[in-house]
Amino acid sequence: MASINSVEWRSICDKFTNAQRLTETESRNDPENDPFRSKYKARELLREVYCSLKSFEAGDGEEDAGGENCEQRPPDQPVDGQTEDAFSQGFSGDSPAGMRAAKLGAVEYYLGVNHVDTEELSAGQEHLMNCMKMLEKCRASSENVSLFIHVRNQLGILWAGRDETETAQGFLESAESIYQRYMKEDGRPPTDMTEYFTTEENLLTHQERTKRLFELAYTHTMYYLAQVYKNLGENERAATYCHSTLQRQLQLNQFSPMEWALNAATLSQYYITKGRYMEGRHCLAAATVISGLAGEVPSEAAAQESETESERREQLQQKRAEIARCWIKYCLNLLQDAKKLLEDNIGELDTDRQDELKRARRQEEEEEEKGRKSALLFGSEDTFDSIASVEEKVMCLFPLDFTEARTVFLVGQNYVTQAKEYFQMDGYVTDHIEILQDHSSLFRALAFFEEDLERRCKMHKRRVDMLEPICNDLNSRYYLLIRRQLMFELAETYNEMMDLKLTLANRQADNHSLDGHTIKKFNHLCSASAKYFQMFLDSLCSPEGKPPEHLEEEVLRPALVARFRVARLHSKLISSSPPVQLENLNRALENYKYVVQYCEAHPEAPAAVETELELSTEMVGLLPLKINRLKSRMAANN
């Protein structure tokens, strides 16, 4: 074979280097009306390299295995990413035939990527599969293992883009197994594909070769596998691969701070839904710290003077606000899951259960510490302490009393303030309202832990104060679904306040009768709840005001529950006037009957409202008797 420093070889290397420069640098400046100009030029150079390489090496007496030329490439291609045994069959990687196959395969690889970049996917696939066929001729070794992995990564991306997820999975899992076996059996810094076309003085250093290229390629493999597993519904595997990808990006120092932080915050949401709050908190703490590496948000004055600074200001504010929203979900879910753990069968705090869990707390803390030691933690020497410091600000064990719950609540409320600074009502209506709803839910979860009923009632009043003005101001034409959500939540909130007032009133009634102020307050809450439930029901009606004959699945339970609640509320209104009492009881009976009759006419409905249907059926039997007794008294008095 000709010398690596021969004139002919240098010419091939120069063309390859120019093709790389055109692809990676010059293409960024291509005009909008000719966006692939540099890549087309790079393609021509790569074709010349391919033809020169075959001529150059065949002229040196190499056998042209397969008989390809620069115009005709083999039509038969492997159909997936698996190989029979990449480590034991074929030419040795460092043999002349093995190196020849690797070099030709590398050019096919770069031509494949070039065609994919210019949106010529079928041609790109053909070149990538040609590369695979070249590699079938030789064993995986330090000379070619990087190419083995890169080509499978690209084919995985290609097939995933076509929604052929299982085909993509085959290529990517093959890349993963090749990497793992190579690291186990060899582990030396492998040759990068660019080094096939580099003169001796320009070869990469040991450290660059290992970390910057090979390990990064495997990081990409893991990243793409995370996406594949997510699309296949294998969420646990997807989360594991995503977590490992993020950790490797930090170790290799190959990441964009805000993009990394947002990915870590998004991963936290998966852990939260699985009740794995230690991992969720760790992801969020890391997201907070790493996002800080992106620097300060440019001032408004700086943003007005520079378009670049304006875009940077917008990006930093938006992504940090999105991370804040992930923190809100963490605090809210932690409180809500603690509530589920502690409530009895009527939704109140089970003090016996609370005492039992407090006694078990020490063991939980020990298990948390043990779990932390075995978990895959983010960070380096520079960031590990900072991440731990953020974690210490909020617990990851379930809060068991008001003091602990309030600490979690305050952290969540702080992130509500941060998120609202960016997602303002003017411009981000839906996002702003979702944040307000989360804030309301934080108050509701905290109220569960509050033993003082008056203070609990005030927490619900805070919920009303933040949601009611928004609900009344929103245009139903554009925001009907959001208004329905707000109507229903306001109705339930007023209903909870009414129940609390009723409990307080019953305690007072042990000593003396209810005073006029208490009755007036109780009736106000009762009427307000009924009003919002009725508004919700009215929003389901036709423009002529006719209720729907058939309730869609997504509103079936809410609509029937609203009917049941309206009935219950009207039956609870306090009045000294018999005609008003009669009117309220008739309204209650009318709504109870609706629930029963609808369930009789629609077989799918009873399963959605079993408890409400049972009580409604009972009340349909009892209320007529009460109404008749009231009518008799009224007639006697007249």
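Residues numbered from 1 in each chain as written. Predicted model: local features only at pLDDT ≥ 70, side-chain atom pairs only at ≥ 80, totals over all residues. Heavy atoms only, no water.

Naming follows an unreviewed UniProt entry, where the protein appears as KIF-binding protein of Xiphophorus couchianus. Taken directly from UniProt, the Sequence similarities (unreviewed entry) text for the protein runs: "Belongs to the KIF-binding protein family." (UniProt positions renumbered as here; feature names shortened; annotations may be inferred.)

UniProt marks residues 299–352 with the feature "coiled-coil region" (unreviewed entry), using the numbering shown here. Split by type, residues 299–352 is 81% helix and 0% strand. Its first and last C-alpha atoms lie 54 Å apart. (Helix = DSSP H or I, 4+ residues; strand = E, 2+ residues; numbered from the N terminus.)

Attention shifts here to the confidence of the model for the protein. Low-confidence regions, as indicated by low pLDDT, have predicted coordinates that should not be scrutinised in detail. Averaged over every residue, the pLDDT of the protein is 89; the share at 70 or more is 90%. Low pLDDT, under 50, characterises residues 59–69; the predicted model gives this stretch 20 contacts beyond four residues in sequence or across chains. Ignoring residues within four places in sequence, the model shows residues 71–79, a span with pLDDT below 50, making 17 contacts including any to other chains. (pLDDT = per-residue confidence, 0-100. Contact = heavy atoms within 4.5 Å.)

So, about the packing of aromatic side chains. Inspection of every chain in the model, using the stated rule, returns 28 aromatic pairs. Measuring from centroid to centroid gives 5.8 Å for tyrosine 182 and phenylalanine 214, while their planes differ by 80°, and the two rings are edge-to-face. With a gap of 32 residues between them, tyrosine 182 in helix H6 (residues 165–185) and phenylalanine 214 in helix H7 (residues 206–231) connect regions that are remote in the sequence. Residue tyrosine 182 is classed as buried on the basis of its relative accessible area, which comes to 1%. Residues tyrosine 422 and tyrosine 428 carry aromatic rings whose centres are separated by 5.0 Å and whose planes lie at 40° to one another, so their mutual orientation is tilted. Residue class for tyrosine 422 comes out buried when judged on its relative accessible area of 10%. Geometry around phenylalanine 423 places arginine 325 over its ring, the cationic atom sitting 5.2 Å from the centre. It is arginine 563 that lies over the ring of tyrosine 594; its NZ or CZ is 3.9 Å from the centre. (Phe/Tyr/Trp six-rings, centres within 6.5 Å; stacked < 30°, edge-to-face > 60°. Buried < 20%, exposed > 50% of the residue type's maximum accessible area, 1.4 Å probe, protein only. Lys NZ or Arg CZ within 6 Å of the ring centre and 35° of its normal.)

Here we come to the pattern of salt bridges. For the structure on display, the rule yields 31 salt bridges. For arginine 181, the salt bridge identified is with glutamate 185, shortest N-O distance 2.8 Å. Of this pair, arginine 181 and glutamate 185 both sit in helix H6, four residues apart, which is roughly one turn of the helix. The partner of glutamate 215 in a salt bridge is arginine 248, with the nearest N and O atoms 2.5 Å apart. Note that glutamate 215 is positioned in helix H7 and arginine 248 in helix H8 (residues 235–252), a separation of 33 residues in sequence. By the burial criterion, glutamate 215 is buried, and arginine 248 matches it. (Salt bridge = Lys/Arg side-chain N within 4 Å of Asp/Glu carboxyl O.)

Okay, the domain arrangement of the protein next. Domain annotation for the protein reports domain 1 (85–196 + 204–254), domain 2 (256–297 + 306–351 + 379–439), domain 3 (452–509 + 521–542) and domain 4 (558–637). Just the C-alpha atoms count here: the centres of domain 2 and domain 4 sit 44 Å apart. (Domains from an automatic or database assignment.)

Attention now moves to the packing of helix H22 (residues 578–601) against helix H23 (residues 610–637). Orientation of H22 relative to H23, taken along the N-to-C sense of each, is 155°, at an axis distance of 9 Å. Taken together, the axis directions place H22 and H23 in an arrangement best described as roughly antiparallel. Our pair here, H22 against H23, has a crossing hand that is left-handed. For the contact of H22 with H23, the residue count by class is 18 nonpolar, four polar and four charged. (Axes fitted to C-alpha atoms, helices over the stretch in contact; angles between N-to-C directions. Parallel < 35°, antiparallel > 145°, perpendicular 65-115°, else oblique. Left-handed = near helix turned anticlockwise from the far one by under 90°. Nonpolar A, V, L, I, M, F, W, Y, C, P; charged D, E, K, R; others polar.)

Attention shifts here to the side chain of histidine 150. With respect to the element layout, histidine 150 can be found in helix H5 (residues 145–161). Given a relative accessible area of 17%, histidine 150 falls into the buried group. Residues in contact with histidine 150, not counting those within four places in the same chain, are Tyr109, Met193, Leu213 and Ala217.

As a further point, take the environment of alanine 447. For alanine 447, the position within the fold is in helix H17 (residues 429–449). Taking the C-alpha atoms as reference, alanine 447 lies 16 Å from glutamine 354; in sequence the two are 93 residues apart. Excluding anything up to four places from it in sequence, alanine 447 contacts Arg456, Met459 and His460.

Bringing helix H10 (residues 277–292) into the picture now. The terminal C-alpha atoms of H10, which comprises 16 residues, lie 23 Å apart, in line with the 22 Å expected from a rise of 1.5 Å per residue. Of all the 16 residues making up H10, 14 are buried; the element is thus mostly covered by neighbouring parts of the structure. (Expected span 1.5 Å × (residues − 1).)

Quick look at the state of the cysteines now. Under the definition given, this model contains zero disulfides. This cysteine, cysteine 131, is not joined by any disulfide, and cysteine 138 carries the nearest cysteine sulfur, 9.4 Å off. Cysteine 131 gets classed as buried once you look at its relative accessible area, which sits at 0%. Here cysteine 457 stays unpaired: no disulfide links it, and the sulfur of cysteine 526, its closest cysteine neighbor, is 13 Å away. (Disulfide = S-S within 2.5 Å.)

The next point concerns the side chain of serine 38. Here serine 38 is to be found in helix H2 (residues 37–58). Polar side-chain contacts of serine 38 include one of 2.7 Å to the side chain of aspartate 30. Those residues within four positions of serine 38 in sequence are excluded, and the remaining contacts are Leu22, Glu26, Ser27 and Asp30. (Polar contact = N/O pair within 3.5 Å; in protein donor to acceptor, adjacent residues only side chain to side chain.)

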